[in-house]
Amino acid sequence: MKALITGISGFVGSHMAEFLLAEGVEVVGTIRQRSRMDHIAHIQKDIHLVECELRDPLSVEQLMEKERPDYVFHLAAQSFVPTSWNSPIDTIHNNVVGQIHLFEAIRRFNLPTKVQIACSSEEYGEVHPHEVPIREENPIRPLSPYAVSKVAQDYLGYQYYRSYGIPVVRTRTFNHTGPRRGENFVTSNFAKQIAEIEKGLRPPVIHVGNLEAKRDFTDVRDVVRAYWLALEKGTPGECYNIASGSCVTIDEMLQLLLSLSSVQVTVEQDPARMRPSDVEILLGDASKFMAHTGWKPEVPFEQTMQDLLDYWRAKLA
């Protein structure tokens, strides 16, 4: 079996590659000229990398005609919500156009390829108190350009399944983190700040944004296992929430990280870290996915935070 991972050099892509290799799957991954390779340096000899600009239809056609993968894990995206406020056009163009080119190439060559689309809980946006925990049929009220781009990816997946029979499974993943998480994301940003304070690289002050937001965090290693099961056991055309089913505030997450360190810090709010609009709570109900696939999260949140903090300690060593 051959699997293609778009965005293989990223946070989730690198963990996806590790998982697939352990399953004995042949792994092909897309990179771009400016892709950072540090996340996959340790497995580079075991995977086949192809330079491909997903926004270029010819580049995607050449990739799909040559590789003809059995599975596609479509993980490449502009995935940082605050960036989407600054670059809304680029975010929507990047996330939507690349996916259309993948689908069109599959159509052109009549490939039987199964496709997993990495959608997002951010699609739900404004969630009312009586709608928690969030199920797949919840109304979608996106509150950022990133969320809008993911809604488009989500429904394009459904449309291409219904119109052309492409076996697409859509996964709406809630917040996920773990080793290699980009430092722009809140869990990793806090962990890096703590690791820098431990090494005396910065003053003992943690800069934060909105600490009251409530989020459902799943370990990235549980998430990539879910993506595999989505294509192995999920139903084409369906969408599934991927979530832990438990919720913490950003402040509680920060306090957990601090409890794993001996540093004494001051916490200061940074206005630059506040969003124009924020989602108050994202707590997912993944019971549909669990029932269809047998998946359940296995890595405790405390272990995820410990591994993330240790990742930054090693990076800074």
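Residues numbered from 1 in each chain as written. Predicted model: local features only at pLDDT ≥ 70, side-chain atom pairs only at ≥ 80, totals over all residues. Heavy atoms only, no water.

**Student:** What's the story with unusual backbone geometry in this structure? I'm lost.
**Tutor:** Residues apart from glycine generally show negative phi values, whereas peptide bonds are mostly found in trans. A cis amide bond links Val-132 with the next residue in sequence, Pro-133, at an omega value of 0 degrees. Checked against the element boundaries, Pro-133 lands in the loop between β5 (114-120) and α5 (145-164). The backbone phi angle of Asn-110 is positive, close to 50 degrees, even though this residue is not glycine. One can find Asn-110 in the loop between α4 (88-108) and β5. Despite not being glycine, Arg-180 has its phi angle at roughly 85 degrees, a positive value. Following the sequence through the fold, Arg-180 ends up in the loop between β7 (176-177) and α6 (186-198). (Helix = DSSP H or I, 4+ residues; strand = E, 2+ residues; numbered from the N terminus.)

**Student:** It is not clear to me how helix α2 (residues 57-67) should be interpreted in this structure. Could you clarify?
**Tutor:** In an α-helix, one full turn covers 3.6 residues, which means residues spaced three or four apart are oriented alike. Within the sequence span of α2, burial applies to Ser-59, Val-60, Leu-63, Met-64 and Glu-67. What you see down the axis of α2 is that its buried residues fit within an arc of 125 degrees, all on one side. Away from its buried face, by an angle of more than 90 degrees, α2 presents the exposed residues Leu-58 and Lys-66. (Buried < 20%, exposed > 50% of the residue type's maximum accessible area, 1.4 Å probe, protein only. Arc of directions from axis to C-beta.)

**Student:** What's the story with the pattern of salt bridges in this structure? I'm lost.
**Tutor:** Pairs may arise between side chains of opposite charge once their charged atoms sit close together. Counted under the stated rule, the structure contains 26 salt bridges. Between Arg-107 and Glu-104 there is a salt bridge, with its nearest N and O atoms 3.1 Å apart. Note that Arg-107 and Glu-104 are positioned in helix α4 at a spacing of three residues, about one turn of the helix. Since its relative accessible area comes to 36%, Arg-107 is described here as partly exposed. Using a relative accessible area of 29% as the deciding quantity, one classes Glu-104 as partly exposed. Salt bridges here are not isolated pairs; linked through shared partners, they connect Arg-32, Glu-53, Arg-55 and Asp-90. (Salt bridge = Lys/Arg side-chain N within 4 Å of Asp/Glu carboxyl O.)

**Student:** Can you help me understand the state of the cysteines in this one?
**Tutor:** Two cysteines joined by a covalent bond between their sulfur atoms form a disulfide. Tallied over the entire structure, the rule returns zero disulfides. Cys-119 provides the cysteine sulfur closest to Cys-239, a residue in no disulfide bond, and the two sulfurs are 8.0 Å apart. Judged by relative accessible area, which is 8%, Cys-239 ranks as buried. The thiol of Cys-247 is unpaired, and the distance to the nearest cysteine sulfur, on Cys-239, comes to 20 Å. For Cys-247, a relative accessible area of 29% gives the class partly exposed. (Disulfide = S-S within 2.5 Å.)

**Student:** I would appreciate a short explanation of the packing of aromatic side chains in the present structure.
**Tutor:** The geometry of an aromatic ring pair is captured by two quantities: the separation of the ring centres and the angle between the planes. Here the structure, examined in full by the defined rule, presents ten aromatic pairs. The interplanar angle of 85 degrees and the centroid separation of 6.1 Å between the aromatic rings of Tyr-71 and Phe-73 together place this pair among those described as edge-to-face. Just as Tyr-71 is buried, Phe-73 falls in that class too. Each residue in the set Phe-19, Tyr-71, Phe-73 and Trp-228 is aromatic and connected to the rest through ring pairs, giving one cluster. The ring of Tyr-164 carries Arg-107 above its face, with NZ or CZ at 3.8 Å from the centroid. The ring of Phe-185 carries the charged tip of Arg-181 above its face, separated from the ring centre by 3.7 Å. (Phe/Tyr/Trp six-rings, centres within 6.5 Å; stacked < 30°, edge-to-face > 60°. Lys NZ or Arg CZ within 6 Å of the ring centre and 35° of its normal.)

**Student:** Help me understand the nonpolar core in this model?
**Tutor:** Nonpolar side chains tend to gather and get buried jointly when the protein is soluble and globular. Met-16, Leu-20, Phe-73, Tyr-227 and Trp-228 are the most contacted members of the largest nonpolar core, which has 41 residues in total. Of all the secondary structure elements, the ones that give two or more residues to this core are β1 (2-6), α1 (11-22), β2 (26-31), β4 (71-74), α7 (220-233) and β11 (239-242). Top element by residues in this core is α7. It accounts for nine residues. In contact with Tyr-227, other than residues within four places in its own chain, are Val-12, Met-16, Phe-73, Leu-75, Gln-116, Ala-118, Thr-171, Thr-173 and Ile-242. Counting residues in hydrophobic clusters, the runner-up holds 24 residues, among them Cys-52, Ala-105, Leu-111 and Val-168. (Core = buried A, V, L, I, M, F, W, Y, C linked by side-chain atoms within 4.5 Å. Contact = heavy atoms within 4.5 Å.)

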